[in-house]
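Architecture at a glance
If you want the building blocks of each chain, they are given just below.
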Amino acid sequence: MMDRVDRVPEWVTGSGPDAGIVISTRARLARSLAGYPFPRRASEEELAAVAREVRAASSELTARFPELRSLSMGRLDEDQRTYLLDIHIASVEHISGGEGRVVILEPNAVLSIMVNEEDHLRVQSLMSGLVPEEAWDLVDWADDVLAQRLEYGFSDRYGYLTSSVSNVGTGLRISAMMHLAGMAAASRLGGQLRAAYDLGVSIRGLFGEGTRSIGDLFQVSNEVTLGLSEREIVERVRSVAQYLLDQERVARRELLADQRRSLVENATRALHKLRHSRAITAYQAISMMSPLRLAAESGLVEDCPRGALNECLVGMRAGLGEDGRSGMERAEFLRRKLATAHIEGY
Amino acid sequence: MYADSGPELGRIVAGMQNAAGDGRPAFSCRLCGTTLAEIVTDGRPGCCLCYGRFTGEIEQAIENAQGRVYHVGKAPGK
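Residues numbered from 1 in each chain as written. Chains lettered and ligands numbered in written order. Predicted model: local features only at pLDDT ≥ 70, side-chain atom pairs only at ≥ 80, totals over all residues. Heavy atoms only, no water.

**Observations regarding the state of the cysteines**
Residues and elements named next belong to chain B.
- Tallying each qualifying case throughout the model produces zero disulfides over all chains.
- With no disulfide of its own, cysteine 47 lies closest to cysteine 29 among cysteine sulfurs, the gap being 3.5 Å.
- No disulfide involves cysteine 48; its sulfur sits 6.5 Å from that of cysteine 47, the nearest cysteine. (Disulfide = S-S within 2.5 Å.)

Structure (structure tokens):
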């Protein structure tokens, strides 16, 4: 296995169903090994032993993913660690850890396992578009394969035992990252968000728990992991995300019909700012990208493919906030990525 | 440490912890060392065994977080 990350993740390509609005779908299973303290209470030796066990068990996954590789945080340079954060495979806490913190990853980042983050294992699938069923099927398969070699912490009453009681039960979190700029522009979001909460589905900002929305990007995910079957969780998230998707389509159609000029003007202003700033913060850049993405998906921007916009999201190093990349480097990066984009009359 | 749990509960927990007399908390998990006082304070188990060792406290924390306590999904090897 190589200690390198060098391919564009599948979700960044923007090729999945409804990827113009649903940037990605993630399924994540939290699992623990029965015989070890949870990572926050484990010694370095225990973390290393867990990593060894999971690595050995994950070799069974190579039948389907022959290029699976194991990356130890202690052996990656800062750029490589930050990249894992940018492509939404690892958390800030995880990339800051040492040798015992590991990511097992297939090169397209469709399947990955965070080892020794909050739980011993976080088995994840990450795919372009709205595909909760496919995302669940993949982590379910990987989970079954791993369970043949690993002794999971499990109780008949509580289900899979996890480091936080808020993940106990199925340990399953399904989330869809959605760009809801049309509904935001039409001020229709508030009521929909409240209705989703009533269905046990939460809607959070770009980087998950405790964050607010930037650039009209929202994560739609199940609130509870216990007392519902995995299929029921998948269906609930699917139905809320599908409803939001349909409403967003309506809002975009109406905007295009009634406010085409303002869509073009907002996108033009945003593109100008993104291309001509000497320095730009991640917050400003993600905010500016929203009207540009909305106009591009409405067919108003030439030579600005969805994949390039997703690459902008990844490459601006937003996960580390303003420490991730200097404002000047970020501006230079965005200038390059958006060099060919063209708006009618711009 | 017990201030958040109220002075009365704190005294009870502290009393139980001194019961062993060897300086080690009597109500602790044998795998990870998490104590009853820690569970009462933050509701966070330190390992899978804690779920059995501190059933009452953890079940309450689960119910607070999830609104229910019974698993209905898949199980390993089934």
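**A word on the environment of methionine 328 of chain A**
Residue and element names in this part refer to chain A.
- Checked against the element boundaries, methionine 328 lands in helix H12 (residues 327-337).
- A residue is classified by how much of its surface remains accessible, and methionine 328, at 46% relative accessible area, is partly exposed.
- Separated by 47 residues in sequence, methionine 328 and threonine 281 place their C-alpha atoms 8.8 Å apart.
- Beyond its immediate chain neighbours, meaning those up to four positions away, methionine 328 contacts Arg278 and Ala279. (Helix = DSSP H or I, 4+ residues; strand = E, 2+ residues; numbered from the N terminus. Buried < 20%, exposed > 50% of the residue type's maximum accessible area, 1.4 Å probe, protein only. Contact = heavy atoms within 4.5 Å.)

**What to know about unusual backbone geometry**
Residues and elements named next belong to chain A.
- We note that aspartate 18 has phi near 60°; this positive angle belongs to a residue other than glycine.
- Counting through the fold element by element, aspartate 18 comes out in the loop between helix H1 (10-13) and strand S1 (22-31).
- One non-glycine residue, alanine 109, lies in the positive phi region at around 60°.
- Here alanine 109 lies in the loop between strand S3 (102-105) and strand S4 (111-115).

**Remarks on the interface of chain B and chain A**
- Residue-level contacts link 28 residues of chain B with 39 residues of chain A.
- Regarding the contact of chain B and chain A, the summed buried area is about 2,800 Å², with carbon and sulfur atoms giving 57% of it.
- The interface formed by chain B and chain A contains five salt bridges.
- Linking lysine 74 of chain B and aspartate 143 of chain A is a salt bridge whose minimum nitrogen-to-oxygen distance equals 2.8 Å. (Buried area = accessible area lost by both parts, 1.4 Å probe. Salt bridge = Lys/Arg side-chain N within 4 Å of Asp/Glu carboxyl O.)

**Quick word on the sheet that holds strand S8 (residues 172-179) of chain A**
Residue and element names in this part refer to chain A.
- Across the sheet, which stays open at both edges, the eight strands sit in the order S2-S3-S4-S5-S1-S8-S10-S9 with antiparallel pairing between neighbours. Unpaired on one side and paired on the other, strand S2 (69-72) and strand S9 (201-204) mark the two borders of the sheet. In this sheet, adjacent strand axes meet at a mean angle of 20° when their direction is disregarded.
- Bridge count for S1 against strand S5 (residues 121-128) is eight bridges, and the pairing is antiparallel. (Pairing = 2+ DSSP bridges. Axes fitted to C-alpha atoms, helices over the stretch in contact; angles between N-to-C directions.)

**Let's talk about the environment of histidine 179 of chain A**
Residue and element names in this part refer to chain A.
- Looking at where histidine 179 falls in the secondary structure, it is placed in strand S8.
- Residues histidine 179 and isoleucine 23, spaced 156 residues apart in sequence, show a C-alpha to C-alpha distance of 7.1 Å.
- If sequence neighbours within four positions are ignored, histidine 179 has contacts with Ile21, Ile23, Gly215, Asp216, Leu217, Glu248, Arg252, Ser290, Arg293 and Leu294.
- A polar contact is formed between the side chain of histidine 179 and the side chain of serine 290, at a distance of 2.9 Å. (Polar contact = N/O pair within 3.5 Å; in protein donor to acceptor, adjacent residues only side chain to side chain.)

**Re empty space enclosed by the protein**
All names here are of chain A.
- Counted by the stated rule, this structure contains three cavities of 30 Å³ or more.
- Taken as a whole, the second largest cavity spans an internal volume of roughly 40 Å³.
- If you go around the second largest cavity, the residues you meet are His179, Gly215, Leu217, Ile286, Met289, Ser290, Arg293 and Leu313.
- The element best represented in the lining of the second largest cavity is helix H10 (residues 282-297), accounting for four residues.
- Grouping the amino acids of the lining of the second largest cavity by side-chain chemistry returns four nonpolar, three polar and one charged. (1 Å grid on protein atoms, 1.4 Å probe; cavity = no way out; pocket = protein on both sides within 12 Å on 5 of 7 lines; lining within 4 Å. Points joined across faces, edges and corners; volume = space filled by probe spheres on them. Nonpolar A, V, L, I, M, F, W, Y, C, P; charged D, E, K, R; others polar.)

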